[in-house]
Amino acid sequence: MDSNSIIKVRMADLNVTKYPGILTTLGLGSCVGIALYDPVSRVGGLAHIMLPDSTQIKNNSNIAKFADTATVKLIEDMINIGAKKDRIVAKLAGGAQMFSFSQSSDLMRVGARNVSAAQAILAKLGIPIIASDTGENYGRTIELYTEDGRLVIKTIGHGIKQI
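Residues numbered from 1 in each chain as written. Predicted model: local features only at pLDDT ≥ 70, side-chain atom pairs only at ≥ 80, totals over all residues. Heavy atoms only, no water.

The name given to the protein in an unreviewed UniProt entry is Probable chemoreceptor glutamine deamidase CheD, and the organism recorded there is Defluviitalea saccharophila. Taken from UniProt, the Sequence similarities (unreviewed entry) comment for the protein reads in full: "Belongs to the CheD family." Annotation of the protein in UniProt includes, under Function (unreviewed entry), the sentence "Probably deamidates glutamine residues to glutamate on methyl-accepting chemotaxis receptors (MCPs), playing an important role in chemotaxis." (UniProt positions renumbered as here; feature names shortened; annotations may be inferred.)

If you want it as structure tokens, here you go:
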């Protein structure tokens, strides 16, 4: 496999690809990786979202930063390269609580809020979540393989898993 089939998705960014492409994002802490896949066309999409809700923020021009707007755009981009919405399935990773706070105020629990927001927008759009690896207190690097939709999750100190 050559390295140019690996597409890096940066923080607050998203991208889509077809088989044999691989989408990867590094260092998901409280951010959530929303991985979408159409198993028939073998089209994959990955968003690295930082915040749950674009409507709560004044400067919301970067749609890839937010769970609500990134998910809609990801689906549009996937359809543009051959996916069908009714075949798309989702996997989620990330949303860690990276720091411990004495008061666990909701504002600080951004990881959990990102996960909830991703779940809510996917439900609203009718996209089933078939697997997830979220929460805990460690970062993750993820790779979405368009060959079969597997999501490989690499962690420091917590091994590698596949969902």
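Of the regular secondary structure elements, the protein holds two helices and 10 strands. Listing the helices and strands of the protein from first to last along the sequence gives β-β-β-β-β-α-β-α-β-β-β-β. The C-alpha atoms of the protein give a radius of gyration of 15 Å, which matches the 15 Å a tight globule of 163 residues would have. Once the C-alpha set of the protein is aligned to its principal axes, its extents read approximately 45 × 35 × 25 Å. (Helix = DSSP H or I, 4+ residues; strand = E, 2+ residues; numbered from the N terminus. Rg over C-alpha atoms; globule rule 2.2 N^0.38 Å.)

So, about the sheet that holds strand β1 (residues 6-8). A sheet is described by the order of its strands in space; here five strands give the open sequence β1-β3-β8-β9-β10, paired in mixed fashion. Since the sheet does not close on itself, it has two edges, and those belong to β1 and β10 (160-162), each with one partner. Across the sheet, the axes of successive neighbouring strands diverge by a mean angle of 20°, strand direction being ignored. Two elements, strand β9 (residues 151-155) and β10, share three bridges in a ladder whose sense is antiparallel. When the sheet's bridge partners are listed, Lys154 is paired in β10 with Ile160. (Pairing = 2+ DSSP bridges. Axes fitted to C-alpha atoms, helices over the stretch in contact; angles between N-to-C directions.)

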